[in-house]
Amino acid sequence: MLPSYGVIGVFAIVAILFPLVALSIAWLVRPKKPTPLKKSTYECGMETFGDTWVQFRVQYYLYALVFVLFDIETVFLLPWAVVYNQLGLFALAEMLLFITLLVVGLVYAWRKGALEWL
Amino acid sequence: MAEPAVYAAFFILAAVTLGGAIAVVTARNILHSALFLALVFVSVAGLYVLLEAPFLAAVQILIYVGAIIVLILFALMLTRRITGERVRQTNAQALPAALAALALLAVLGGLVATFAWRVSTESPPPNTVPLLGEALMRTYMLPFEVAGVVLLVALVGAIILAKER
Amino acid sequence: MLDAIRNLWSLIYNLFPNLAQALAAFLRGTGLPGWGVDLLMALLSALVVVISVLLGMLGMTLMERKVMGRMQNRLGPNRVGPLGLLQPIADAIKFLIKEDIVPTNADRWVHTLAPIVAAIPAVLVYAVIPFGKGMAAADLNIGVLYILAVSSITTIGIVMAGWASNNKYSLLGGMRAAAQIISYEVPLVLSMLVAVMLAGSLSLGKIVEAQGGLLGILGWNVFRVPFGTLAFLTYMICAVAELNRTPFDLPEGESEIVTGYITEYSGLKWGLFYLGEYFNAIAVSAIATTLFLGGWQGPILPPYVWFLGKVLVIVFILIWLRSTLPRFRVDQLMGFAWKVVLPIALVNIFVTGAAITLWQAFVK
C-alpha cells in the first residue's frame, strides 16, 4: 500500500513545484514598476469608501456549519457504500435511520431559515 | 524495520507538524494562525498515511481542512477588520505556561520512551475500508446511531445559537 | 500474418503500460537501486500526466472560445497561427509578462500563496484517474475519497484570495464562492457514492472494471436507470457549481461583482487561478467519465482513445452549458443546493440501495 502513496507524494512534490517554477519564471520575465496608483484597491475606478470589511452576515457562517455536519454524515456513508453489497437489508435500514436523523436536522434548519440567503 | 524512505517522510512530516503548530501559537495575525493550523492538519494526515490508515488520512483532510478550517476562516473574517490587526499572543503568564508545558512534555515523553509497548507481528490489512464498513454496521452499530443523534443535537444547538437575535 | 496483426494490435491496445514496463526494465538494467527506479518512474508518470493535462487545458481554452464563438454565430480566435491554434501560447506568454501588482495593505504572503494553494489540488487529483487500462498513476483503494479530500483544499485557496486582496469585492466574492462550493459538495459526494455502491469499492480502477458489462457499452453506470442516470445528472450539476462555471458563476460574474476574489490578481497569479479552473474542469470531466460513462471501457478501440473521447464529450457539454444558460441569482443558487439537489441525492442513494438488494434477492 505504501508505494502507491509514495507515488502520490511524488505527485504532490511535482504539484507544489509546478506553480512555484511558473511563478519564478514570471518573476524573472516581467516588469516591476509599482506606483501608488497601480497599487490602489480597485473599486470600479473610484476611491474606496471606508475600511475593507464586510457587514456581519451570519448566513455565511450558517452554511459552513450545516456543511460541516453533513460532511461528517457523508464520511459515515462512505464505508457503508463500499460494503453495501455484502450487508443487505439490515444495513440499509440502519443507514436509513442515521440519514433520517440528519434529515430531521436539515428540515429544522430549513424551517428556521438557516438555509435562506437573506 | 521501515525503509529509509518512510523514515525520511516521517521526519519531514513531523518537522512540518511541529513547526506549523509553533507558528499557530506565535503568529501575530490570527488569520495566519488559522492557515498554519490547516498546514498542521495536512501534515498530520500524512502521518496517518505512514501509519497505513489512508481512510483516516483522507477523512482528516476532507473534514478538518475542507470544512472546519473554512468554518474558522468564515468566523474570523466576519468578525474582524482585515487590515493589520495584530494579536498579542503572549501575556504575563507566558513563562510559567511554557514551563508547565515543558514539564508535561517531559512526563509524557518519558512515559512513551520507557513503556514496554507490545508490537504486533501481523501486517496491517491492505484494504481498510470494507473492514471499517463492516465494523461500523455490525459491531459498532449503536455508537454509530448515537453519533447520528449527537450530530443532530449539534446542528440544532448551533442553529439556535446562531439565529438568536 | 494474422498473428503479426494480433501482436501489433495488442501492442497498440496496451501502448502506454507497455512503454512504462519497457522503460522500467531498462532502468533496472542500468544498475540503479530498486527505490531509484521506482522514484524515477513515479516522477516520470507525474510529469507526463501534468504535461499532458497542461496541453489538454491549453486546447480546452481554445476549444471553449471557438465553440462558444460558433454557438454565438461568430468565429472564435483565428488570427494567431493557423485557425487560431497558437492562441493558447499567446495567452500563456501574456500571463508571464504582465506585471504583478499587489495592492497596498494587502497581505503579501497570503496573496502569493492563494493561487498556489488553489492550483495544487487541481494537479493532485489526476494521480488516481485511470486514463486507460492499467494507466492510473496510483490506483489507490480509496480513490474516490482521495479526490474529494484533495478537492476540498481549493476552498481554502479561494478564501485566502478573497481576504488577502484588501478589497471589499474580493472578500465578498471569495466568501460567496466558498459558500457555493461547500453547499454543492455534499450532493457531489452523494452522487459519487452511487457509483461506489454499484462497484463495491472506492478504487477508481475497480469502478471502471465494474462497468465492463455488456458489449463494453451497456454496462456503463449512466445507463442504469433510474438511479445511475440521476446520479450522473446530479454529479454534473454539482460539478459545474463547484467549478464556478455558468450557470453557477455568480462569484466570478463580471458584471456583478467585478471578478470576485480574482479582482486584484494580475499576471501569472491570475494565470494560475485560470489554470486551476481549467485543470479542475478537465478533472471533473475525467471523473464523470470514470464514474458514470465507463472510463476506458468500450469495444474495439484502445482504452485511452475511448477515455479521451468521453472526456471531450463532457468538456463539450460544459462549454455548451456555458453558452446557453443564464446565470443563477445567489439565493436561487444556494436554495437549489440545499433544498433540491441534496434531497434528490439522498433519495437516490436509497433507491440505489433498494435496487441492489432487490437485484441480489432476485438473482439468488
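One structure accompanies this document, and this report is about it.

Thresholds applied
- Residues numbered from 1 in each chain as written.
- Chains lettered and ligands numbered in written order.
- Predicted model: local features only at pLDDT ≥ 70, side-chain atom pairs only at ≥ 80, totals over all residues.
- Contact = placed C-beta atoms within 7 Å.
- Helix = DSSP H or I, 4+ residues; strand = E, 2+ residues; numbered from the N terminus.
- Nonpolar A, V, L, I, M, F, W, Y, C, P; charged D, E, K, R; others polar.
- Axes fitted to C-alpha atoms, helices over the stretch in contact; angles between N-to-C directions.
- Parallel < 35°, antiparallel > 145°, perpendicular 65-115°, else oblique.
- Core = buried A, V, L, I, M, F, W, Y, C linked by C-beta atoms within 7 Å.
- Buried ≥ 20, exposed ≤ 12 C-beta atoms within 10 Å, placed from the backbone.
- Domains from an automatic or database assignment.
- Expected span 1.5 Å × (residues − 1).
- Bend = angle between axes of the 7 residues up to and from the residue.

1. Observations concerning the interface of chain C and chain B
1) Next: The partner chain B presents 19 residues to the 21 residues of chain C that form the contact.
2) Next: Contributions of two or more residues to the side of chain C that touches chain B are made by helix H6 (143–151), helix H7 (153–164) and helix H8 (168–199) of chain C.
3) Next: Counting residues per element, the side of chain C that touches chain B draws most heavily on H7 of chain C, which supplies five residues.
4) Next: When its residues are assigned to classes, the side of chain C that touches chain B shows 16 nonpolar, five polar and no charged.

2. Examining the interface of chain A and chain C
1) Next: Taken together, the contacts link 54 residues of chain A with 62 residues of chain C.
2) Next: If you list the elements that add at least two residues to the side of chain A that touches chain C, you get helix H1 (2–29), helix H2 (58–87) and helix H3 (89–111) of chain A.
3) Next: No other element matches H1 of chain A, which puts 19 residues into the side of chain A that touches chain C.

3. Considering the packing of helix H3 (residues 34–71) of chain C against helix H4 (residues 87–97) of chain C
Residue and element names in this part refer to chain C.
1) Next: At a closest axis distance of 9 Å, the pairing of H3 and H4 adopts a crossing angle of 110°. Between H3 and H4, the crossing angle belongs to the class labelled roughly perpendicular. Residues Leu58, Thr61 and Leu62 of H3 pack against Gln87, Pro88 and Asp91 of H4.
2) Next: Each residue belonging to the contact of H3 with H4 can be placed in one class, and the counts come to three nonpolar, two polar and one charged.

4. Concerning the nonpolar core
Here is a general trend for soluble globular proteins: nonpolar side chains tend to be buried in one another's company.
1) Next: Among the nonpolar cores identified, the biggest contains 190 residues, and Val196 and Ile282 of chain C are the most heavily contacted of them.
2) Next: When residues of this core are assigned to their parent elements, the largest contribution, 22 residues, is made by H8 of chain C.
3) Next: For this core, the two domains that each supply at least three residues are domain 1 (1–88) and domain 2 (126–165) of chain B.
4) Next: Ignoring anything within four residues of it in the chain, the contact list for valine 196 of chain C reads Ala81 and Val82 of chain A together with Val144, Leu202 and Ile207 of chain C.

5. Focus on unusual backbone geometry
Leaving glycine aside, a negative phi is the common case for residues, and trans is the common case for peptide bonds.
1) Next: Within the chain, glutamate 52 of chain B stands out as a residue other than glycine whose phi angle is a positive 60°.
2) Next: Within the secondary structure layout, glutamate 52 of chain B lies in the loop between helix H2 (30–50) and helix H3 (54–79).
3) Next: Since 16 C-beta atoms lie within 10 Å of it, glutamate 52 of chain B is described here as partly exposed.
4) Next: Phi is positive for asparagine 244 of chain C, close to 55°, though the residue is something other than glycine.
5) Next: If you trace the backbone, asparagine 244 of chain C turns up in the loop between helix H10 (227–242) and helix H11 (254–257).
6) Next: Overall, the presence of 22 C-beta atoms within 10 Å leaves asparagine 244 of chain C in the buried class.

6. Regarding helix H14 (residues 330–363) of chain C
1) Next: Between its first and last C-alpha, H14 of chain C extends 47 Å over 34 residues, near the 50 Å set by a 1.5 Å rise per residue.
2) Next: Along H14 of chain C, the sharpest change in direction is near 40° and occurs at phenylalanine 336 of chain C.
3) Next: Those residues of H14 of chain C that sit buried are Leu333, Met334, Ala337, Trp338, Val341, Leu342, Ala345, Leu346, Asn348, Ile349, Thr352 and Gly353 of chain C.
4) Next: For H14 of chain C, the secondary structure elements touched by its buried residues are H2 and H3 of chain A together with H8 and H10 of chain C.

7. Some remarks on the environment of isoleucine 217 of chain C
All names here are of chain C.
1) Next: Along the polypeptide, isoleucine 217 turns up in the loop between helix H9 (204–209) and H10.
2) Next: Under the C-beta neighbour-count criterion, isoleucine 217 is labelled partly exposed, with 15 such atoms within 10 Å.
3) Next: Among residues more than four places away in sequence, those in contact with isoleucine 217 are Gly298 and Pro299.

All quantities given are derived from atomic positions and should not be read as evidence of function.
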